[in-house]
Amino acid sequence: MLARFWDSDAVWAFRHSPAAIVAFIVAVLILGGALFAPWLAQSNPYDLTTFSLIDGLLPPVWEEGSDPRFLLGTDDQGRDMVSAILYGARLSLLIGLMAMLIATVLGVGLGLAAGYYGGRFDAIVMRIADVQLALPAILTALLIDGIARGLLPPSSHENLRIVVLTLAIALSLWVNFARTARASTFVERNKEYVQAAMIMGQHPLRVMFWHILPNILGPLLVIMTVDLASAILLEATLSFLGIGLPADSPSLGTLIRIGMQFLLSGEWWILWVPTLFLVALVVSINILGDFLRDVFNPRLR
């Protein structure tokens, strides 16, 4: 079994793709660092007792005036930049993954139903998708976030900020899943194995999720990878604009927003360290998404 997996086309293509290998290593290192942040980080950036203002604005270790305790320096609050980035990546990845999963469930469910049933339901879902496609994802997320803030009581805004932000991002990304699942379902619905299942009287839900869905997972996995990067960027953008997470929740977006205040003051590391980290994360995920696209559709190689 292991030998068959090692000799498969996907593994062979991965072994002969230096870009995919490097992207995979970078993504695994970042994911591992975020997952094990409580054990790898020197301090907890959420706990005010673990850092001191006296240590604020210390440069990275290769510059004069640094402290060897802080490899990449500290911010204006005295937080270790490495610790803040690890916890920030942890929060950004959590929001991105949850938003991507919600968008996947919603979009694939609607796309399967629209492609299977067709008719009026298909027309309604696709017209909603067309309207949303006319708006940039960031504007859709801003609109949904604003509506949620208006409907929820002010006392619950802080407690539900992560939930609202996750739902806003998810509802701005479901369209690609719906359109892809619908188009693939149209193709699969007319094949003999689906027609046989329908003639046997199987429930439509069983036909859609047991027979059709496994055969359209290829393009959906590619979209999941790409939309994960999009979700992380959306979170960073909203937090940078001050609409996402607050400054005391160090996601990558809030760290970049804080660093912008020191762009011209000489403390360049406060901005550039989380920015480069975010770029490395998003680029590695996008490269893996391109690799998966080539694997599932060799004609694009």
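**Q** What is the right way to look at the overall build of the protein chain in this model?
**A** Summing up its helical and strand segments, the protein chain has 14 helices and zero strands in all. Principal axes of the C-alpha set define a box for the protein chain whose edges measure 75 × 55 × 30 Å. Looking at the protein chain residue by residue over its 301 residues, the buried ones come to 46%. Counted over contacts in the protein chain with a minimum sequence separation of 6, partners at least 24 positions apart contribute 70%. Taken as a whole, the protein chain presents about 15,900 Å² of accessible surface, with 69% of it coming from carbon and sulfur. Averaging the coordinates of the 18 positive side-chain charges in the protein chain and doing the same for the 22 negative ones gives two points 15 Å apart.

**Q** Would you explain empty space enclosed by the protein in this entry?
**A** Over the atoms a probe the size of a water molecule is rolled, and this reveals where empty space is left. Under the definition given, this model contains two cavities of 30 Å³ or more. A volume near 30 Å³ is recorded for the second largest cavity. Taken together, Asp75, Arg79, Met81, Leu255, Ile258, Ile270 and Pro274 form the lining of the second largest cavity. Elements with a minimum of two residues in the lining of the second largest cavity: α13 (252–260) and α14 (269–296).

**Q** What's the story with the packing of helix α5 (residues 81–117) against α14 in this structure? I'm lost.
**A** When two helices pack together, their arrangement is captured by the angle between the axes and the distance separating the axes. The contact between α5 and α14 brings their axes to 11 Å, and the two run at 40°. Our classification of the angle between α5 and α14 gives oblique. Pair α5 / α14 crosses with right-handed handedness. Mapping the contact onto sequence places Met81, Ile85, Ala89 and Leu93 in α5 and Trp269, Ile270, Val273, Pro274, Phe277 and Leu281 in α14. Residues of the contact of α5 with α14, tallied by class, amount to ten nonpolar, no polar and no charged.

**Q** Explain the packing of aromatic side chains to me, please; I cannot follow it from the model alone.
**A** To describe a pair of aromatic rings, you give the distance between the ring centres and the angle between the ring planes. Applying the stated criterion across every chain yields a total of four aromatic pairs. A centroid spacing of 6.4 Å and a plane angle of 35° characterise the contact between tryptophan 62 and tryptophan 268, whose relative ring orientation is tilted. Here tryptophan 62 is found in the loop between α4 (37–40) and α5, whereas its partner tryptophan 268 is found in the loop between α13 and α14, with 206 residues between them in sequence. Taking relative accessible area as the criterion, tryptophan 62 reaches 55% and is therefore assigned exposed. The interplanar angle of 85° and the centroid separation of 6.0 Å between the aromatic rings of tryptophan 268 and tryptophan 269 together place this pair among those described as edge-to-face. By relative accessible area, tryptophan 269 is classed as buried at 4%.

**Q** What is the right way to look at the pattern of salt bridges in this model?
**A** A complete count under the given rule lists seven salt bridges for this structure. Across the pair aspartate 67 and arginine 69 runs a salt bridge whose closest N-O atoms are separated by 2.9 Å. A relative accessible area of 44% places arginine 69 in the partly exposed class. Two residues, glutamate 188 and lysine 191, come together in a salt bridge whose shortest N-O distance is 3.1 Å. Residue class for glutamate 188 comes out buried when judged on its relative accessible area of 9%. Taking relative accessible area as the criterion, lysine 191 reaches 36% and is therefore assigned partly exposed. Put simply, Asp55, Asp67 and Arg69 are held in one network by salt bridges that share partners.

What counts, and at which threshold
- Residues numbered from 1 in each chain as written.
- Predicted model: local features only at pLDDT ≥ 70, side-chain atom pairs only at ≥ 80, totals over all residues.
- Heavy atoms only, no water.
- Helix = DSSP H or I, 4+ residues; strand = E, 2+ residues; numbered from the N terminus.
- Buried < 20%, exposed > 50% of the residue type's maximum accessible area, 1.4 Å probe, protein only.
- Contact = heavy atoms within 4.5 Å.
- Areas by Shrake-Rupley, 256 points an atom, 1.4 Å probe, with all protein chains shown as cover.
- Lys, Arg positive; Asp, Glu negative; His and termini not counted.
- Charge placed at Lys NZ, Arg CZ, Asp CG, Glu CD.
- 1 Å grid on protein atoms, 1.4 Å probe; cavity = no way out; pocket = protein on both sides within 12 Å on 5 of 7 lines; lining within 4 Å.
- Points joined across faces, edges and corners; volume = space filled by probe spheres on them.
- Axes fitted to C-alpha atoms, helices over the stretch in contact; angles between N-to-C directions.
- Parallel < 35°, antiparallel > 145°, perpendicular 65-115°, else oblique.
- Left-handed = near helix turned anticlockwise from the far one by under 90°.
- Nonpolar A, V, L, I, M, F, W, Y, C, P; charged D, E, K, R; others polar.
- Phe/Tyr/Trp six-rings, centres within 6.5 Å; stacked < 30°, edge-to-face > 60°.
- Salt bridge = Lys/Arg side-chain N within 4 Å of Asp/Glu carboxyl O.

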